[in-house]
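Notes for the structure review
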Amino acid sequence: MDYLVLFPTVFVEQGNTEVLLYNVDSKKTLLISNELVVRDLKARKDNYLNVFHLSSDIFRVSEAKNVIQTIENECFGWIGSGAAPPIQPAPFLQINESKHSPTIVHQKEYDYFSLYELSICIKGELSSTFGTVLTSCSQKELNFNDFEYFFKNAYLMTNLKCINIYGDDFKRYVGLADFIRIIVNQSLKCNLIIHCRATDIPILCEKNIDIVNYCKFHATIDGNSSVDFISELFQTYPISTFVFPIRTREDVASYCRLLQVINIPIRPCPIVMKRNKSFIKEQLIIDDILHTKKTYKEILLNTRINLNYYGGMFISSSGDIYASLHEDSFGNIKNQNIEEATYDLQKNSKSWYLIRDNVSPCQDCVFRHLCPPISSYEFVFKTYNLCNIKNF
């Protein structure tokens, strides 16, 4: 049996005699009017995989066959054969310098999939306990000999937008500059962000002078950080934002006071602990879903993928590979081919495809596609409706 598999970013609008395909990534549209193809595309399809089973008649009629081939050639999906439908493949984006927008170039082999975001813990341990990526004290350190070849896989890195680097007590870590050089030498066109305590930055940059030329910082501060200290850091080092942990009501008050006296990007970061779960949950509640700002593309993608996790990979200091910190490891870079591990993420990750259509009570709410994607906080609270909207 033959079938057509559409990419996650392709949406289908069905008319009486025509079918319109729209790809929100490439912004391409394809209007299909061939009777045989329209019939199969309007027939029952697999809900999750977006797989359309094709009748044998299509391949006997040259016009219909050409339409199906156009769908594949124009990168709306691809044709497969066999009894079982495949996984839903992710599109591989490639920048065409002769155009102003990216065009989708699809390859059927899994090693042509490109990651969107990579998070690496080079020292310490990644933790999901607090609803965000933090580090805890540990002697584990990433072995660069196990890791260096990872960046040499051109296809895995082609669409990479950001590399996050986490570590415990960066000021004592002597291998950071070497690690940064490994990344820089690959000429990757992505943001390189170091997440660390604000107090570590001066010492870190003094020991690793080169990193200020290649990296930006997300610097953690608290209520004890003075305005002068924050201002001086912001003027001296490439800090894209300051992160202010929120654990108590006093932290909220300190954060608000700081915003009143300083005009610098400071992002609140709720930290979940056993004793403050109800307070943090209260802070995260969304009261006004209808007035949240969402693009048409975001709303459409909320029906297919989780934008918080899709295309992301976490690598711990011990080399374990995760789609998110709320799933089990998919392998280790020391003993597993990285292309196979990425393919496993693409095929089996629960986080990448966890959308509100598939969880209760969100699946019964008419506003579910306006909400932010399911986040790590909802994993921690074990509830998926951090809002005051009633189900209809």
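Residues numbered from 1 in each chain as written. Predicted model: local features only at pLDDT ≥ 70, side-chain atom pairs only at ≥ 80, totals over all residues. Heavy atoms only, no water.

Another aspect to go through is the overall build of the chain. If you tally the helices and strands in the chain, you get 12 helices and 17 strands. For the chain, buried positions account for 50% of its 392 residues. Carbon and sulfur atoms make up 48% of the accessible area of the chain, which totals about 19,900 Å². (Helix = DSSP H or I, 4+ residues; strand = E, 2+ residues; numbered from the N terminus. Buried < 20%, exposed > 50% of the residue type's maximum accessible area, 1.4 Å probe, protein only. Areas by Shrake-Rupley, 256 points an atom, 1.4 Å probe, with all protein chains shown as cover.)

Time to look at the pattern of salt bridges. When the charged atoms of two side chains lie near each other, side chains of opposite charge can form a pair. Taken as a whole and judged by the stated rule, the model has 8 salt bridges. Between Arg197 and Asp200 there is a salt bridge; the shortest N-O distance is 3.7 Å. By relative accessible area, Arg197 is classed as partly exposed at 39%. In this structure, the salt-bridge partner of Arg368 is Asp357, at a minimum N-O distance of 3.4 Å. Taken together, the residues span a long stretch of sequence, with Arg368 in the loop between helix H11 (338-348) and helix H12 (376-381) and Asp357 in the loop between H11 and H12 at a distance of 11 residues. (Salt bridge = Lys/Arg side-chain N within 4 Å of Asp/Glu carboxyl O.)

Okay, the sheet that holds strand E1 (residues 2-6) next. Taking strand neighbours across the sheet as the criterion, the 3 strands line up as E5-E1-E6 in an open arrangement whose pairing is antiparallel. Taken across any chain shown, the strands that pair with only one partner, and hence form the sheet edges, are strand E5 (51-54) and strand E6 (77-81). Shown here is a sheet whose adjacent strand axes are inclined to one another by a mean of 25°, direction ignored. Note that E1 and E5 share 4 bridges and pair antiparallel. In the sheet register, Asp2 faces E5, and the bridge partner there is Leu54. (Pairing = 2+ DSSP bridges. Axes fitted to C-alpha atoms, helices over the stretch in contact; angles between N-to-C directions.)

Moving on to the sheet that holds strand E3 (residues 19-23). Here we have 3 strands laid out as an open sheet, ordered E2-E3-E4, and antiparallel in their pairing. Looking at strand neighbours, the two that pair on one side only are strand E2 (10-14) and strand E4 (28-32), the edges of this open sheet. Between one strand axis and the next, the sheet turns by 15° as a mean value, whatever way the strands run. Alignment of E3 against E4, held across 5 bridges, turns out to be antiparallel. Paired with Leu20 across the bridge in E4 is Leu31.

What follows covers unusual backbone geometry. Working note: non-glycine residues mostly have negative phi, and peptide bonds are mostly trans. Following Ser360, the chain continues to Pro361 via a peptide bond in cis, the omega torsion being 5°. Inspection of the secondary structure puts Pro361 in the loop between H11 and H12.

Below, the discussion takes up the nonpolar core. Judged by nonpolar contacts, the single largest core of 67 residues is most densely connected at Ile163, Ile165, Ile194, Ile211, Phe217 and Phe242. No other element matches strand E14 (residues 239-246), which puts 5 residues into this core. (Core = buried A, V, L, I, M, F, W, Y, C linked by side-chain atoms within 4.5 Å.)

Now for helix H1 (residues 35-42). Those residues of H1 lying buried are Val37, Val38, Asp40 and Leu41. All buried residues of H1 lie within an arc of 165° about the axis, which places them on one face of the element. Sitting at the amino-terminal end of H1 is Asn34, which places a side-chain oxygen 3.1 Å from the backbone nitrogen of Leu36. (Arc of directions from axis to C-beta. Polar contact = N/O pair within 3.5 Å; in protein donor to acceptor, adjacent residues only side chain to side chain.)

Attention now moves to the packing of aromatic side chains. In this description, a pair of aromatic rings is defined by centroid distance and the angle of the planes. Tallied over the full model, the rule gives 6 aromatic pairs. For the pair Tyr116 and Tyr310, a centre-to-centre distance of 5.9 Å together with 45° between the ring planes defines the contact as tilted. You can see Tyr116 sitting in the loop between strand E8 (103-104) and strand E9 (117-127) and its partner Tyr310 sitting in the loop between helix H10 (296-301) and strand E16 (312-315), a full 194 residues away along the chain. Classification of Tyr116 by relative accessible area gives buried; the value is 14%. We classify Tyr310 as buried; its relative accessible area is 10%. For the ring pair Phe234 and Phe242, a centre distance of 6.4 Å and an interplane angle of 40° mean the geometry is tilted. Under the relative-accessibility criterion, Phe242 is labelled buried at 0%. (Phe/Tyr/Trp six-rings, centres within 6.5 Å; stacked < 30°, edge-to-face > 60°.)

Its place among the elements puts Arg356 in the loop between H11 and H12. Looking at Arg356, the relative accessible area reads 7%, which means it is buried. With near-sequence residues (within four places) excluded, Arg356 lies in contact with Cys362, Gln363, Arg368, Cys371, Pro372, Pro373, Ile374, Glu378 and Tyr384. (Contact = heavy atoms within 4.5 Å.)

Attention now moves to the environment of Ile71. Along the chain, the position of Ile71 falls in helix H2 (residues 62-73). Between the alpha carbons of Ile71 and Leu30 there is a distance of 7.8 Å; along the sequence they are 41 residues apart. Setting aside residues no more than four positions away along its own chain, Ile71 makes contact with Leu4, Leu6, Leu21, Leu30, Ile32, Phe76 and Gly77.

This part is about H2. Relative to the 16 Å expected for 12 residues at 1.5 Å per residue, H2 spans 16 Å between its end C-alpha atoms, a close match to the ideal helical length. Every buried residue belonging to H2 is among Ala64, Val67, Ile68, Ile71 and Glu72, and all of these are buried. Mapping the buried residues of H2 onto a view down its axis gives an arc of 145°, with all of them on the same face. For H2, the exposed residues set more than 90 degrees away from the buried face come down to Ser62, Glu63 and Asn73. Considering only its buried residues, H2 is in contact with E1, E3, E4, H1, E5 and E6. Immediately downstream of H2, the backbone of Cys75 shows phi near 65°, a positive value. (Expected span 1.5 Å × (residues − 1).)

Distances and angles like these do not, on their own, reveal function.
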